[in-house]
Amino acid sequence: MSTVAAPAATFDCRVDFADELAVLARADERIVAVCNDSVGSSNLTGFREEFPTRLINVGIAEQDLVGISAGLANAGFIPFASAAAPFLTGRALEQIKADIAYSHRHVVLCGQSPGVAYGELGPTHHSIEDLSWMRAVPGLEIIVPADPAQTRSAVRRAAASGRPTYIRVPRFKVPAVTPDDAPFEAGRAVRLTDGGDITLMAVGTMVSRALEAAALLAQEGVRARVLNMTFVEPLDVDAVVAAARETGAIVTLEEGLLSGGLGAAVAKVVAESHPVAVRMLGVPAFAPTGSAAFLLDHFGLTADGIAGTAREVLGRV
């Protein structure tokens, strides 16, 4: 097992999302994009130029966006419905439930700029509830890629899966953290570091921060296992149970609400299978207004904050 160190370079996953979508569209004329007046923020300007008849802009009407996408899927297309995550999942939740999940439509829901990426725009634009809401809808596959490579893999998988899928596409830049030989399979986590003292389970933008925290802990003789839990649904239950049994303590990390998200999913498995100490790091309630960097620091979602929480769980404060 290779240990991955977060490099200095960072990348905008929206670029990889749009580039991979265009690659698929060149090979498959069923691929279409649907957006809510968000061509620029979804980085779909190039897609629109290359495929002018295969991008549908419904305007600021997210319920219509999802309903139209369901209709396109019913007609044999593979629609990628792209919109800011708070509005895609909040305003159109009923349509996601009834038109997509309950009706088993092959629609790819692309939540752009999730978590606290919209920072200064405040709680109305923070998408901290999306993982909780999407986990509550039966039948949705939920993918939270950690870097450009996983973003491209998520787009490819969602296009080929034949099932409704929700993908979180981060707004602020992240480093590449995925090893070249890492698997990308539904319900399978990626182990990035070995360790027997504690496990850090992270998704999306938190994965690189988990690696940084693990490096800090290693300097103190604490061996932290880092798992990238890319698929929140289906969750890698075997990896969670193994972590509980083999390390005895778990910290979960997510750029989202603690109620109902990754941490809640992990805690359920641990409670039912092998109870150990679990600490969940994320956003406990509506966040204050401020930059994304300020908010992540405010909620302890930094390398220092994560390492500090790990020390608390281990009783090493």
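1. Notes on the sheet that holds strand 11 (residues 249-257)
- Ordered by their spatial adjacency, five strands build an open sheet running 7-9-8-11-12, and the pairing between neighbours is mixed. Every other strand in the sheet has two partners, leaving strand 7 (190-193) and strand 12 (277-283) as the edge strands with one partner each. Between one strand and the next, the sheet's axes are offset by a mean angle of 25 degrees, whatever the strand orientation.
- Relative to strand 11, strand 8 (residues 198-202) runs parallel, the two sharing four bridges. Opposite Ala 202, over in strand 11, you have Leu 253 as the bridge partner.
- Sitting on the sheet, helix 10 (residues 262-273) touches strand 8, strand 11 and strand 12, and the angle it makes with strand 11 is about 150 degrees.

2. Thoughts on the nonpolar core
- Ranked by size, the top nonpolar core spans 42 residues in total, and within it Leu 109 and Met 229 carry the most contacts.
- Of all elements in the fold, only strand 1 (31-35), helix 3 (62-74), strand 3 (78-84), helix 4 (85-91), helix 5 (93-101), helix 6 (130-135), helix 9 (237-247) and helix 10 reach the threshold of two or more residues within this core.
- With near-sequence residues (within four places) excluded, Met 229 lies in contact with Ala 189, Met 201, Ala 202, Val 203, Leu 235, Asp 236, Val 240 and Leu 262.

3. Things to note about the packing of aromatic side chains
- Tallied over the entire structure, the rule returns two aromatic pairs.
- Ring centres of Phe 47 and Phe 51 lie 4.9 Å apart, and the angle between their planes is 50 degrees; this geometry places the pair in the tilted category.
- Relative accessible area serves as the criterion here: at 8%, Phe 51 is assigned to the buried category.

4. A short note on helix 5
- Within helix 5 the residues assigned to the buried category are Gln 95, Ile 96, Ile 100 and Ala 101. Take helix 5 and look down its axis: the buried residues cluster within an arc of 145 degrees, on one side only. Residues of helix 5 that are exposed and angled more than 90 degrees away from the buried face: Glu 94 and Lys 97.
- In this fold, the buried residues of helix 5 make contact with helix 3, helix 4, strand 4 (108-112) and helix 6.

Cut-offs used in this document
- Residues numbered from 1 in each chain as written.
- Predicted model: local features only at pLDDT ≥ 70, side-chain atom pairs only at ≥ 80, totals over all residues.
- Heavy atoms only, no water.
- Pairing = 2+ DSSP bridges.
- Helix = DSSP H or I, 4+ residues; strand = E, 2+ residues; numbered from the N terminus.
- Axes fitted to C-alpha atoms, helices over the stretch in contact; angles between N-to-C directions.
- Contact = heavy atoms within 4.5 Å.
- Core = buried A, V, L, I, M, F, W, Y, C linked by side-chain atoms within 4.5 Å.
- Buried < 20%, exposed > 50% of the residue type's maximum accessible area, 1.4 Å probe, protein only.
- Phe/Tyr/Trp six-rings, centres within 6.5 Å; stacked < 30°, edge-to-face > 60°.
- Arc of directions from axis to C-beta.

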